[in-house]
Amino acid sequence: MAGVDVAYETPGPDGVVAGAVVVLDLADLSVVEVATAVRRAEFPYVPGQLAEREAPVLLDALRALRVRPSVLVCDGVGIAHPRRYGLACHMGEASGLASFGVAKTMFVGTHGPVGPERGDWADLVLDGEVVGRALRTRGGVKPVYVSVGHQIDLDTATDLILRLTPRFRLPETTRQADAACRAALRRSLPATAARRPDSARG
């Protein structure tokens, strides 16, 4: 399993952007390999268009890996997107890997009540179509939003997220990749703190 994530200096099109991919062994969630890349952003931060901004540096990081992961877990969405083509779709198609997205907040759609226990979920629906799930990964905490990207089904993605969240709300793939990309950005900009907007990621 590989988690990918991005941190960047500023929301503008000219800031530095750092991408990371962290490969974990699903059996025990130990880190197998970490790869990072840093480049100038070529596209501004626009909700719903994160692939244009983030995919180039993430693909750079993926190319630096020696281990080929089985699945990519993106901090964003897959088909739970206004155009049914979010970051997880783009990354899966560009890399040829199975992929899905896990978002911290709901980007599009609606869902019914989610039960209070770990593993409870409700369909995420957009224009009458199921595009993902609101999934409770910890009892009594907010759900995450799972949507498929490429060559994977929603049941499998849901099962994998539960295996990746033994202790925390967010999957270990996302947590580890977030730390790695922030560290890469700090190394490239020693006087600048890594920042990223607190909003739903498409």
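Source: prediction; values computed, not measured.

Undergrad: Outline the overall build of the chain, listing residues and values.
TA: Helix and strand counts for the chain come out as 4 helices and 9 strands. Reading the chain from its N end, one meets helices and strands in the order β-β-β-α-β-α-β-β-β-β-β-α-α. Relative to the compact-globule value of 17 Å for 202 residues, the chain shows a C-alpha radius of gyration of 16 Å, a close match. Structurally, the chain occupies a C-alpha span of about 45 × 35 × 30 Å along its principal axes. Within the chain, contacts between residues at least 6 apart in sequence are counted, and of these 62% link residues at least 24 apart. Just so you have it, the chain exposes about 8,700 Å², and 52% of that area is on carbon and sulfur atoms.

Undergrad: Residue-level account of empty space enclosed by the protein, with values.
TA: Rolled over the atoms, a probe sized like a water molecule indicates the empty space that remains. Under the definition given, this model contains 1 cavity of 30 Å³ or more. Approximately 40 Å³ is the volume found for the largest cavity. Ranked by residue count, the leading element in the lining of the largest cavity is strand β9 (residues 144-150), at 3 residues. Broken down by class, the residue content of the lining of the largest cavity amounts to 8 nonpolar, 1 polar and no charged.

Undergrad: Before we move on, could you go through the confidence of the model for the chain and cite the residues and values that matter?
TA: Here the chain averages 92 in pLDDT, while 91% of its residues score no lower than 70. Overall, residues 191-200 carries pLDDT values under 50, and its contacts beyond four positions in sequence, including any with other chains, amount to 26 contacts.

Undergrad: Report on the pattern of salt bridges, specifying residues and quantitative values.
TA: Applying the stated criterion to the full structure yields 10 salt bridges. Across the pair Glu42 and Arg39 runs a salt bridge whose closest N-O atoms are separated by 3.3 Å. Since its relative accessible area comes to 27%, Arg39 is described here as partly exposed. Of the charged contacts, one joins Arg84 and Asp127 as a salt bridge, the two residues approaching to 3.8 Å between their closest N and O atoms. Of the two residues, Arg84 is situated in the loop between β4 (71-74) and α2 (87-95) and Asp127 in the loop between β7 (121-126) and β8 (129-135); the sequence distance between them amounts to 43 residues. A relative accessible area of 23% means that Arg84 is categorised as partly exposed. Given a relative accessible area of 69%, Asp127 falls into the exposed group. When salt bridges with common partners are traced through the structure, they connect Arg39, Glu42, Asp60 and Arg63 into a single cluster.

Parameters and conventions
Along each chain, residue indices are assigned from 1 in the same order as the chain's sequence is written. Whole-chain, interface and lining totals are the exception, using all residues; otherwise, since this is a predicted model, local features are given only for residues with pLDDT of at least 70 and side-chain atom pairs are given and counted only at 80 or more. The basis for the side-chain values is all heavy atoms of the structure; hydrogens and waters are excluded. In DSSP terms, a helix is any run of H or I states spanning at least four residues, a strand is any run of E spanning at least two, and both are numbered starting from the N terminus. The size measure is the radius of gyration over C-alpha atoms, and the globule rule it meets is 2.2 Å times the number of residues to the 0.38 power. Any two residues whose heavy atoms approach within 4.5 Å are treated as being in contact. The Shrake-Rupley method, run with a 1.4 Å probe sphere, supplies the accessible areas, and residue values consider only the shown protein chains as cover. Computed over the protein atoms alone on a 1 Å grid, cavities are sets of points where a 1.4 Å probe fits but cannot get out and pockets are open sets with protein on both sides within 12 Å along at least five of seven lines; a residue lines them when it has an atom within 4 Å of a point. Grid points are joined across faces, edges and corners, and a volume is the space filled by probe spheres set on the points. All amino acids are sorted into three groups, where Ala, Val, Leu, Ile, Met, Phe, Trp, Tyr, Cys and Pro are nonpolar, Asp, Glu, Lys and Arg are charged, and the leftover types, Gly among them, are polar. On a range of 0 to 100, pLDDT expresses the predictor's confidence in each residue. A carboxyl oxygen of Asp or Glu within 4 Å of a side-chain nitrogen of Lys or Arg is what we treat as a salt bridge. Categorising residues by exposure relies on relative accessible area from a 1.4 Å probe, with only protein chains included: less than 20% of the type maximum marks a residue as buried, more than 50% marks it as exposed, and the intermediate range marks it as partly exposed.

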